[in-house]
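Residues per chain, in single letters:
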Amino acid sequence: MIAKYQPQEFEGKWREKWKEEGLYGTPLRSLNQRATLGAGKKKFYTLVELPYTSGDLHVGHWFSFTIPDILSRFKRMNGFNVFYPIGYDAFGLPAENAAIKHKIHPKDWTLKNVENMTKQFQTMGTMLNNWDDVVITCLPEYYRWNQWIFLKFWEKGLAYRGKALSNWCPSCQTVLANENIENGKCWRCGNPVIQKQVEQWFLKITDYADRLLWNNHSNGVDWPVSVRVGQNNWIGKKEGVLIKHKVRDLDLVFESFSAFPAWLWADTFIVIAPEHPLVERLVQGTKYEKESEIFVKRMKGKTQEERLKEIDTKEGVFTGRYAKDPFAYAQGKPADMPIWISNFALMDFGSGIIRCSAHDPRDYAFAQKYKIELKEVVERSDKKTPVNAHDNKGILKNSGLFTGKKIEESLAEIVGWIVKQKIGKKHFNYHLRDWSVSRQRYWGTPVPMINCSNCGTVPVPEKDLPVGLPYEVDFTPKGKPFGSAQGKPPLASNEKWLNVKCPKCGKNAKRDAETLDTFFDSAWYWFRYVSPHYDKAPFDKKMVKDLTPVDVYFGGSEHTLGHTMYARFFTKFFHDLGLVDYEEFALKRIQHGVVLGPDGNRMSKSKGNVINPDEVVKEYGTDTVRMYLCFMMPYEATGPWSDKTIAGVHRFLNRVWKIYQNFQFSILNFQSNPNSQNPNDKSNPKSKIQNQDKTLVAKLNKTIQKVTSDIEKIKMNTAIAAMMEMINDWETVVNSQFLISKFQSNPKSQIQNKKNNETMKQLNNSLSVENAKKFLQILAPFAPHMTEEIWRNVFGEKESIHLSSWPKAMETVAETITIPVQVNGKVRDLLIVNSELLIDEKKVTDLALKSEKVKKYLAKKKYRAIYVQGKILNLVVQ
RNA sequence: GUCGGGGUGGCGAAAUUGGCAGACGCGCUGGCUUGAGGUGCCAGUUCCCUUUAAAAAGGAUUGGAGGUUCAAAUCCUCUCCCCGACACCA
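Residues numbered from 1 in each chain as written. Chains lettered and ligands numbered in written order. Predicted model: local features only at pLDDT ≥ 70, side-chain atom pairs only at ≥ 80, totals over all residues. Heavy atoms only, no water.

Peer 1: Help me understand the protein's contact with RNA strand B in this model?
Peer 2: Lining the immediate environment of RNA strand B, one finds 52 residues, of which Lys238, Lys314, Arg362, Arg651 and Met724 sit closest. Among all atoms of RNA strand B positioned within 4 Å of the protein, those belonging to sugar or phosphate total 69%. Within the side chain of lysine 238, an N or O atom sits 2.4 Å from a sugar or linking oxygen of RNA strand B. Contacts to RNA strand B include histidine 431, whose side-chain N or O atom sits 3.5 Å from a base nitrogen. Elements with a minimum of two residues in the surface near RNA strand B: α8 (225–235), β11 (253–258), α22 (643–672), α25 (716–744), β30 (816–823), β31 (826–834), β32 (863–868) and β33 (872–877). The element contributing the most residues to the surface near RNA strand B is α25, with 7 residues. (Near = heavy atom within 4 Å. Polar contact = N/O pair within 3.5 Å; in protein donor to acceptor, adjacent residues only side chain to side chain. Helix = DSSP H or I, 4+ residues; strand = E, 2+ residues; numbered from the N terminus.)

Structural data, given as structure tokens:
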């Protein structure tokens, strides 16, 4: 009789139908024709981090795209012109690995994956709406603009070629990205990685450091604390002073940074990093030269793994040189500080040279080990040792003019004095380094530069873009792999591509054979999304003005320090180029957690705990999987997949299905009986309301309200819980009547017969058709297929439920309200109060006093009443 | 070590201008349905103790200890533990 809930039978059908009806066609084309936006609709841009073309869709993709999809559908039903696009991050090393492994070209591998993933994406039932205009970063129409942007950076002096310490595998003779190092070892050959100076391209992100910092107002946008704090720490802006030192007996000056100016009188020695370029000059000609050279060589040869292990071992050698201590000289008591080389001075922090004192635990340990003289300048009343005086508290001694003063009160004065004495200057030190953007690999955007022996580095003229990535390239690692002095980057293996005429002088020149980091590709893709084929600029400015900034940007927390910061950097750069008029590209950022395997571990093929979405969809249907991913945990949380819980969600959809199938029969029943009050008959609106269960109607409206605000807050789990409550209540209303009839009825066979008739009758006493539709509508973003099936088949609607308007919660005033009554803070009774009495404290209290339970605890003692209107009544007995 | 986020039943979790702790789901227990298994349906389910034949009533409870308040998961102080990021940061 009642059709079973078999989603597999209709989900595919609806997806076809939606495609046919153009339900999720890209708004871009209509926007171009000024059709949609012209209608005065507000836009809503939902963005999810673009997926990498790994080959197969996993549960993680479902998780990260489903929740934004629900928000997008919700916004659309609320009258927004929603742009919810997708693209593919298609360049990168995994393609090269797979290519080598499977003996297939990276391009072919990638494009095959795009095709496969697109098919899989479409089974998710999302409203992703740019399938005809998908951005794929490895296509020339995209990377052409990477090159254009690179040239702009070059033009503005923000791109430069330089040397930097990088991860280097001595065996493969190549630079490695951080993600290609496993426990300090090379991913390809398993040998330990060392740090090495390698020449490469950089972007001066440090010029934007201050603007990338998050202020107290979160830069006017809504981003998570974890991102804001994480990025600020990474930028690591620290205020301090830069002290100038002269080296005795040498014409040499260096500076050293200090964030604790109050200790500067305590410093007795200097430590320089082994990699520091000045080391060679310092030791030259001293009797410690040989020893130093051996030490430096040993330190430089350390692998990253070893360095991490030896973090507590401070070792060093004396250079034989002394620096003049400007503080001592200023006091008229000249003193010099020995200069040591040590592994605890870091080349990439400050100037790589430190003034050291007794007040820093590392300095202290080092001085003890090598018997270097120390001096203290901080006196403390507490028992903390001066070694741990990092909190800038205490009274100064041995500090010239400042002796006897409290540190926290004299810091500004001290800095002023240092500047005035020309000992040093105020300085902000940053942790952030310039961004290394070039890679000695094949599968990426070619750097649009030409090296001419005549003119030096020459940019490729804009009109010659794109510099195509040649297909015929030897990208397999051979005897002389990438990036080495002898070996060459793979692009250099294609001589025909490599050799060009210099655009400046016309003589023979060579192309830059490096490619751009894939993070470059993803630093601006959402701009390209709005005009994917635009060929006059990276994007159509008008379209960007109409559709951006992004309203919500969904993604993973692993991109806190990399991608999202680069993306903000590019936005600011675009702002400076006059391409956009804001500096933050996303108004809100939401970071999702991770769906773990059923065993609580990260899903991985080797662990055999991978959930294949295709299989789960086969068993339960798309709607169930979507609902489950929402319901299993909050979006930000990380937790295991549960086969049991998904069955529970499926049960819920099944119950919804049954209720509406019963509805179908009751509608049919009324239609065949014109004398009955047909709830579907719009000419008789009264009948609808009369027959409804008032409590259920109130519940429905509460549910609408709750679901509306929960979706807005991306709390899909509680939105679903609210809908489950609604269905529980609805079923109870239906079943209670049915149970009565069951009691009255006689034999078994008759119950079976009566069941549907009685249920039908009761359904018409529960909710009107109009209200039943409202519930279906709020469920629609979550379970788009099932709701559409019911919408069109049970209610006979012609147009998709997804084009209908989000229902408004009606204000329903409950007749009675339950007020808990406390005696001395403990709930003793619940009062059912007429809602019009609620404002009257005396009447409520009088009512409470009638309760036997309350009387028992009051025990005729004096009491004081505290009444919070409509919420609670507390009677306090002394 | 520094910074950030947390700690609530057997489990995933709800609840924040301070106002009935544990919504919703899983699991479990009992029952109905079924030849059996599953599905489905109905009832119960924070814990412990006390009184009771039972129904029920009382007590405790949001990592721990204090505090503010008529009232605290929520605010304050101290403390323990877990997770994440960065990490020899001068």
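Peer 1: I tried to follow the environment of valine 227 on my own but got confused; where do I start?
Peer 2: Among the structural elements, valine 227 can be located in helix α8. Along the backbone, valine 227 and leucine 561 are 334 residues apart, and their C-alpha atoms lie at a distance of 7.7 Å. Sequence-distant contacts of valine 227, that is, excluding residues within four places in its chain, are made with Trp214, Thr560, Thr564 and Gln591. (Contact = heavy atoms within 4.5 Å.)

Peer 1: Help me understand helix α14 (residues 407–420), please; the structure alone is not making it clear to me.
Peer 2: With 14 residues, α14 should cover 20 Å at 1.5 Å per step; its first-to-last C-alpha distance of 19 Å lies within 8% of that length. Most pronounced at glutamate 413, the bend in α14 amounts to some 30°. Those residues of α14 lying buried are Ile407, Ser410, Ile414, Val415, Trp417 and Ile418. Contacts made by the buried residues of α14 are with β10 (238–246), α12 (326–330), β16 (378–379), β17 (395–396) and β18 (424–429). In the segment just after α14, lysine 422 is the residue with positive phi, at about 60°. (Expected span 1.5 Å × (residues − 1). Bend = angle between axes of the 7 residues up to and from the residue. Buried < 20%, exposed > 50% of the residue type's maximum accessible area, 1.4 Å probe, protein only.)

Peer 1: Would you mind going over the nonpolar core with me for this structure?
Peer 2: What tends to happen in soluble globular proteins is that the nonpolar side chains get buried as a cluster. In terms of nonpolar packing, the biggest core is built from 178 residues, with Phe570, Trp730, Phe775 and Phe782 touching the most fellow members. No other element matches the 11 residues that α25 contributes to this core. (Core = buried A, V, L, I, M, F, W, Y, C linked by side-chain atoms within 4.5 Å.)

Peer 1: Even after reading the chapter, I still don't get the packing of helix α27 (residues 769–779) against helix α28 (residues 784–793), so can you show me in this structure?
Peer 2: How two helices pack is summed up by the angle between their axes together with the distance between the axes. Where α27 meets α28, the closest approach of the two axes is 9 Å, and the angle between their N-to-C directions is 155°. As the angle between them shows, α27 and α28 are arranged roughly antiparallel. Pair α27 / α28 crosses with left-handed handedness. Along the contact surface, α27 presents Lys773, Leu776, Gln777 and Leu779, while α28 presents Met786, Thr787, Ile790 and Trp791. Partitioned by chemical class, the residues of the contact of α27 with α28 number 5 nonpolar, 2 polar and 1 charged. (Axes fitted to C-alpha atoms, helices over the stretch in contact; angles between N-to-C directions. Parallel < 35°, antiparallel > 145°, perpendicular 65-115°, else oblique. Left-handed = near helix turned anticlockwise from the far one by under 90°. Nonpolar A, V, L, I, M, F, W, Y, C, P; charged D, E, K, R; others polar.)

Peer 1: What is the right way to look at the sheet that holds strand β1 (residues 43–48) in this model?
Peer 2: An order of β2-β1-β26-β27 is seen for the 4 strands of this open sheet, with the pairing classed as parallel. Every interior strand has two partners, whereas the edge strands, β2 (81–83) and β27 (589–592), have only one. Neighbour to neighbour, the strand axes of the sheet diverge by 20° on average, direction disregarded. (Pairing = 2+ DSSP bridges.)

Peer 1: What's the story with the pairing of β1 in this structure? I'm lost.
Peer 2: For a regular strand, side-chain orientation follows a simple rule: the groups alternate between the two sheet faces. Counting buried residues along β1, 6 of its 6 residues qualify, which places the element largely inside the surrounding structure. Here β1 runs beside β2; their pairing, made up of 3 bridges, is parallel. By the bridge assignment, tyrosine 45 is partnered in β2 with phenylalanine 83. One crossover worth recording links β1 to the parallel β2 by way of helix α3 (residues 59–77), and it is right-handed. Of the pairings in the sheet, the one linking β1 to strand β26 (residues 552–556) comprises 3 bridges and is parallel in character. Looking at β26, one finds that leucine 47 is bridged to tyrosine 553. (Right-handed = clockwise from strand over helix to strand, strands pointing away.)

Peer 1: When you look at the side chain of serine 436 in this model, what are you seeing that I'm missing?
Peer 2: Along the chain, serine 436 falls in strand β19 (residues 435–436). Judged by relative accessible area, serine 436 falls into the buried class, the value being 18%.

Peer 1: Where do I start with the pattern of salt bridges in this structure?
Peer 2: Applying the stated criterion to the full structure yields 40 salt bridges. Linking lysine 425 and glutamate 255 is a salt bridge whose minimum nitrogen-to-oxygen distance equals 3.8 Å. Taken together, the positions of lysine 425 in strand β18 and glutamate 255 in strand β11 put the pair 170 residues apart, joining distant regions of the chain. Overall, the relative accessible area of 44% leaves lysine 425 in the partly exposed class. Connected through salt bridges with shared partners, the residues Arg211, Arg568, Lys572, Asp576, Glu583 and Glu584 form a single ionic network. (Salt bridge = Lys/Arg side-chain N within 4 Å of Asp/Glu carboxyl O.)

Peer 1: Any chance you could explain unusual backbone geometry here in plain terms?
Peer 2: Generally, phi is negative for residues other than glycine and the peptide bonds are trans, each holding for most cases. Here the amide bond leading from leucine 465 into proline 466 is cis, since omega sits at 0°, within 30 degrees of zero. By secondary structure assignment, the location of proline 466 is in the loop between β22 (456–459) and α15 (495–498). Of note in the backbone geometry, aspartate 249 takes a positive phi value of approximately 65° without being a glycine. Along the chain, aspartate 249 falls in the loop between β10 and β11. Look at aspartate 249 and you get exposed, because its relative accessible area is 66%. Even without being glycine, isoleucine 714 reaches a positive phi, approximately 55°. As for its position among the elements, isoleucine 714 is in the loop between α24 (694–712) and α25. For isoleucine 714, a relative accessible area of 4% gives the class buried.

Peer 1: Sorry if this is basic, but what is going on with the packing of aromatic side chains here?
Peer 2: For any two aromatic rings, the description comes down to two numbers: the centre-to-centre distance and the angle of the planes. For the structure shown, the criterion picks out 61 aromatic pairs. Between phenylalanine 121 and tryptophan 131 the ring centres are 6.1 Å apart and the planes differ by 50°, which places this aromatic pair in the tilted class. You can see phenylalanine 121 sitting in helix α5 (residues 106–122) and its partner tryptophan 131 sitting in the loop between α5 and β4 (135–136), a full 10 residues away along the chain. Its guanidinium or amino end placed over the ring of tyrosine 553, arginine 589 lies 4.9 Å from that ring's centre, counting from NZ or CZ. Residue placement shows lysine 773 over the ring face of tryptophan 791; its charged tip is 5.8 Å from the ring centre. (Phe/Tyr/Trp six-rings, centres within 6.5 Å; stacked < 30°, edge-to-face > 60°. Lys NZ or Arg CZ within 6 Å of the ring centre and 35° of its normal.)

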